[in-house]
Amino acid sequence: MVQSNQKPHLVLLSAPAHLQPVIELGKRLVITCQDVKVTIIVASFVQSAPAESRMVQAALATKLFDVIHLPPADISNLVEPGDKGITSLSAAMHVVKPDFQAAVLGLETLPTALVVHVFAIECLGIADELKIPKYVFVSTNAWFLATIVYTPVLDKEVEGEYADKKEPFALPGCSSIRAEDLPDPMLLRTKANYREYLKIGMEIPKADGILVNSWEELQPKTLASLRDGNLLGGVVKAPIFPVGPINSEGSSALKNELFDWLDKQPTDSVLYISFGSMGGLSLEQMLELAWGLELSQQRFIWVVRPPIEKSGSGSGPKFGNISDDMSSYLPEGFISRTRDRGVIVPQWAPQVEILSHSSCGGFFTHCCWNSAIECITNGLPMIAWPLYAEQRMNATLLTEEMGIAVRSETLPSKGVVGREEIEKMVRKIFVDEGGRQMRARVKELKLSAEKALSNGGSSYNALANMVKHSQKKAIAIDV
């Protein structure tokens with residue numbers, strides 16, 4: 001039973017491969033609402049457990065909250081080889097659910113509220129058993145939230161495959177969404193991924209509140225619809241708490257040869273290129289990208305991974321050997337010809353620290369929302385290169401609604417984008433007048449983000465109000 005004078009204790013549950021935003025939310029809760037106890041419970045796949053263990057150790061070092069790492073979920077016998085994405089996440093959460101429940105019941109201080117990542121929604125109902133309020137954390141933007149909660153309506157109204165429709169899908173009070181921009185799970189309605197996605201859309205409105213990684217000034221139209229009972233608020237019903245931007249700040253003390261090079265470059269002059277840990281390019285596309293960068297004559301840092309090997313239908317990309325010689329999949333002489341203005345980094349680079357460096361002037365990105373947020377909070381325009389998940393709709397949001405990115409005419413996931421178009425996009429960011437306008441616009445959004453997070457700002461208040469809401473809800477449940 002929750003006492004009226006009990007200090008709020010929020011348990012946050014991550015989903016596999018989605019730990020970082022939950023950690024950052026935990027930090028924000030403790031810093032913004034100082035009289036709050038936070039416990040983060042971590043779910044992971046067997047294969048991702050080592051990386052998430054490192055994140056856990058770094059989080060524990062902050063001494064802001066407790067962290068419990070559940071036994072990793074082995075889903076090898078639960079999911080078909082071709083069923084990845086949300087199907088894998090849901091299967092993992094089903095496996096860890098008993099361990100999660102045991103971990104919560106074993107806490108010295110029982111929680112006053114539960115916050116689950118949207119892809120951990122399988123465990124939302126445990127809050128009912130504990131008689132505490134329950135919240136969902138959507139770590140991407142409000143347009144994605146609008147789309148997923150409205151999908152159960154579309155599922156009843158639309159016949160056949162969404163991907164075959166010519167007309168955009170209307171979302172009440174929000175921008176409509178084109179078939180080519182739909183999140184991956186919606187592209188094939190017969191697949192398990194779609195069924196799990198649909199189930200999530202049906203479960204979200206059962207929460208007592210929804211936290212979303214956006215802020216009032218960034219997506220006012222969509223947030224208004226999600227609160228309007230005559231629009232999407234009639235579907236969602238639960239209060240919406242825009243608490244973003246939720247993103248990592250990185251380390252300002254990082255120093256190595258890469259940063260020595262960055263320190264010598266002019267302000268806003270370097271393009272950072274990375275497609276995330278799961279994003280890959282074909283050999284043909286890598287060659288075109290390299291030629292486009294060279295033709296643009298602009299400075300760059302490119303995180304290069306071996307090209308993907310085309311594999312059987314339904315299977316994920318397979319990457320080359322980490323020890324591969326990069327020159328074998330870049331144009332002959334490219335590295336030496338661009339040595340004075342470009343840096344090639346194999347496999348991984350400290351993205352947060354690079355984007356926050358004064359010399360960085362743009363990001364060639366696969367458009368995961370976390371990367372988009374990092375760009376906005378650093379005032380950087382983007383070249384949008386969506387590859388999977390909800391990245392196509394993110395790219396459309398960034399280019400067409402916010403006006404802070406450019407994108408190719410050909411979808412990178414559908415065909416090869418030529419070197420001339422890549423050169424044009426890079427030069428637009430750094431040389432053309434359109435790029436200057438984008439840079440000015442994204443710097444305005446950066447200021448709005450800073451204001452939202454400051455004491456009394458919209459996201460600061462939303463987080464504080466969510467905690468107050470959970471306290472009132474907890475007392476009401478006990479009555």
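Residues numbered from 1 in each chain as written. Predicted model: local features only at pLDDT ≥ 70, side-chain atom pairs only at ≥ 80, totals over all residues. Heavy atoms only, no water.

Identification of the chain as Glycosyltransferase from Gossypium stocksii is taken from an unreviewed UniProt entry. Regarding the chain, the UniProt comment filed under Sequence similarities (unreviewed entry) reads as follows: "Belongs to the UDP-glycosyltransferase family." (UniProt positions renumbered as here; feature names shortened; annotations may be inferred.)

Thoughts on the pattern of salt bridges
Going through the model one piece at a time under the given rule, you end up with 16 salt bridges. With its nearest N and O atoms 2.7 Å apart, the salt bridge here joins Arg 227 to Glu 216. Placement of the pair is Arg 227 in helix H7 (residues 220-227) and Glu 216 in the loop between strand E6 (209-212) and H7, with a sequence separation of 11 residues. The exposure class of Glu 216 is partly exposed, given its relative accessible area of 23%. (Salt bridge = Lys/Arg side-chain N within 4 Å of Asp/Glu carboxyl O. Helix = DSSP H or I, 4+ residues; strand = E, 2+ residues; numbered from the N terminus. Buried < 20%, exposed > 50% of the residue type's maximum accessible area, 1.4 Å probe, protein only.)

Notes on the pairing of strand E5 (residues 134-138)
Counting buried positions along E5 yields five of five residues, so the element is predominantly enclosed. Neither face of E5 is exposed, since Lys 134, Val 136 and Val 138 on one face and Tyr 135 and Phe 137 on the opposite face are all buried. Pairing of strand E4 (residues 113-117) with E5, which is carried by four bridges, proceeds in the parallel orientation. Looking at the pairing, Leu 114 lines up with Lys 134 of E5. In terms of strand pairing, E5 meets E6 through four bridges, oriented parallel. Residue pairing for E6: Phe 137 is matched across the bridge by Leu 211. (Pairing = 2+ DSSP bridges.)

Re the side chain of Thr 399
As for its placement among the helices and strands, Thr 399 is situated in helix H14 (residues 391-401). For Thr 399, a relative accessible area of 15% translates into the label buried. Separated by 2.8 Å, the side chain of Thr 399 and the backbone oxygen of Ala 395 make a polar contact. At 3.3 Å, the side chain of Thr 399 and the backbone oxygen of Thr 396 are in polar contact. The contact partners of Thr 399, leaving out residues within four places of it in the chain, are Ala 384, Ala 405, Val 406 and Arg 407. (Polar contact = N/O pair within 3.5 Å; in protein donor to acceptor, adjacent residues only side chain to side chain. Contact = heavy atoms within 4.5 Å.)

Section: the packing of helix H10 (residues 283-296) against helix H15 (residues 419-430)
At a minimum axis distance of 7 Å, the contact between H10 and H15 shows a crossing angle of 45°. In this view, H10 runs oblique relative to H15, as classed from their interaxial angle. As H10 packs across H15, the resulting crossing turns out to be right-handed. Contacts from Gln 285, Glu 288, Leu 289, Trp 291, Gly 292, Leu 293, Leu 295 and Ser 296 in H10 reach Arg 419, Ile 422, Glu 423, Val 426 and Arg 427 in H15. Within the contact of H10 with H15, the residues separate by chemical class into six nonpolar, three polar and four charged. (Axes fitted to C-alpha atoms, helices over the stretch in contact; angles between N-to-C directions. Parallel < 35°, antiparallel > 145°, perpendicular 65-115°, else oblique. Left-handed = near helix turned anticlockwise from the far one by under 90°. Nonpolar A, V, L, I, M, F, W, Y, C, P; charged D, E, K, R; others polar.)

Structural notes on the sheet that holds strand E9 (residues 299-304)
Ordered in space as E12-E9-E8-E13-E14-E15, the six strands form an open sheet in which the pairing is parallel. Whereas interior strands pair on both sides, the edge strands pair on one side only; in this sheet they are strand E12 (342-346) and strand E15 (405-407). The average undirected angle you get between the axes of adjacent strands in this sheet is 20°. The pairing of strand E8 (residues 270-274) with E9 spans four bridges and is parallel. Across the sheet, the residue bridging to Val 270 is Arg 299, located in E9. Along the sheet, H10 makes contact with E8, E9 and strand E13 (360-365), crossing E9 at roughly 165°.

Some details on unusual backbone geometry
Here the amide bond leading from Gly 244 into Pro 245 is cis, since omega sits at 0°, within 30 degrees of zero. Here Gln 347, not a glycine, exhibits a phi torsion of approximately 75°, which is positive. Phi is positive for Cys 367, which is not a glycine, with a value near 75°. Looking at the secondary structure, you find Cys 367 in the loop between E13 and helix H13 (369-377).

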